[in-house]
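# A structural walkthrough
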Amino acid sequence: MPQGLLFDTPDRYGLVSRALHWGMAALFAWQFAGMGIKLALGRHPISSFFVGTHYGVGTLLFVLVLLRGAWGLFSARHRPPHRPGPLGWAARLGHLAIYALMIVVPSLALLRHYGSGRAFAPFGIPLWDARETKIPSLVDAGNAAHGELAWFLLAVVAGHVAMVLVHRFALGHDVLPRMAGRLRAPQSAPAPLPVPSATGAAAAPR
Ligand code: HEM
Ligand code: HEM
């Protein structure tokens, strides 16, 4: 098992998983708050500010979820385990659904933008140029599902946070410290006790 604060152990998530979890949670909060404000205020300078950051932050989230998924696969065997039984399976399925939505939601928007034929340069980084031809199926898929699935992701995350509270206050099995508690390096195994020799003197263990 890899050692050190960066890595996950069976009793807590490490620094890399925590930075990805809380950093991405903050960026998701930004995306949803921005779109909520846009829906509430309509055309307004505050809405325009959030809309102006939506494409860039969304693209960053797409890159981060791929890195997070890769890190999750690398760490899978030494992460905190799920409970045995149906509750553990529900947690596994819930996390899997969150990953699927975190990938599908920005993918649909990126493909829609590609299909629209417009150039794309999030944070000024040119990813593709404008084209004459459009791909209507990509535009239609994005229009049909990007916003709806994004709100569905928000609902699933609300359920995720509710389950953290249920674990803490109803099940007596607090999982929050694994992701938010004090980060300690894994304890190294204690030195073996000296083995008494036939003469009574303690022999050094080999
Ligand atoms: C994971 C990242 C993202 C999240 C959570 C997210 C979330 C949302 C939400 C909640 C809405 C409002 C839907 C409504 O009006 O009811 C929305 C709209 C929109 N998003 Fe995103 N978005 C993300 C990534 C992106 C990306 C990468 C782009 C551009 C490439 C983008 C472009 C748009 C556009 C153009 C709209 C307005 C049209 C529509 O409702 O589909 N989004 N997004
Ligand atoms: C206040 C907000 C949040 C709290 C209190 C919270 C809490 C937690 C806790 C305690 C765990 C560890 C669960 C365990 O060990 O079984 C966890 C894992 C996880 N959370 Fe959250 N979470 C929050 C927001 C989010 C958001 C916004 C997302 C994604 C959109 C998310 C996605 C995940 C995923 C996928 C895992 C599994 C571990 C991983 O692969 O990172 N969480 N969360």
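Residues numbered from 1 in each chain as written. Chains lettered and ligands numbered in written order. Predicted model: local features only at pLDDT ≥ 70, side-chain atom pairs only at ≥ 80, totals over all residues. Heavy atoms only, no water.

## Describing the site of ligand 1
- Contacts to ligand 1 come from 20 residues, most closely from His-54, Tyr-55, Arg-112, His-146 and Trp-151.
- Side-chain polar atom of Arg-112 to an oxygen atom of ligand 1: 2.8 Å apart, as the coordinates give it.
- Interatomic distance of 2.8 Å between a side-chain N/O atom of Trp-151 and an oxygen atom of ligand 1.
- Assessed atom by atom at 2 Å from the grid points, ligand 1 resides in the second largest pocket.
- Where the shell around ligand 1 is concerned, the elements lending two or more residues are helix H1 (15-41), helix H2 (45-75), helix H3 (86-116) and helix H4 (136-169).
- A per-class count over the shell around ligand 1 returns 13 nonpolar, 6 polar and 1 charged. (Near = heavy atom within 4 Å. Polar contact = N/O pair within 3.5 Å; in protein donor to acceptor, adjacent residues only side chain to side chain. 1 Å grid on protein atoms, 1.4 Å probe; cavity = no way out; pocket = protein on both sides within 12 Å on 5 of 7 lines; lining within 4 Å. Sits in = over half its atoms within 2 Å of the grid points. Helix = DSSP H or I, 4+ residues; strand = E, 2+ residues; numbered from the N terminus. Nonpolar A, V, L, I, M, F, W, Y, C, P; charged D, E, K, R; others polar.)

## Remarks on H1
- In this model, H1 (27 residues) spans 38 Å end to end at C-alpha, consistent with the 39 Å of a helix rising 1.5 Å per residue.
- Within the span of H1, buried status applies to Ser-17, Arg-18, Leu-20, His-21, Met-24, Phe-28, Gln-31, Phe-32, Gly-34 and Met-35.
- Looking at the packing, one finds that the buried side of H1 touches H2, H3, H4 and helix H5 (176-180). (Expected span 1.5 Å × (residues − 1). Buried < 20%, exposed > 50% of the residue type's maximum accessible area, 1.4 Å probe, protein only. Contact = heavy atoms within 4.5 Å.)

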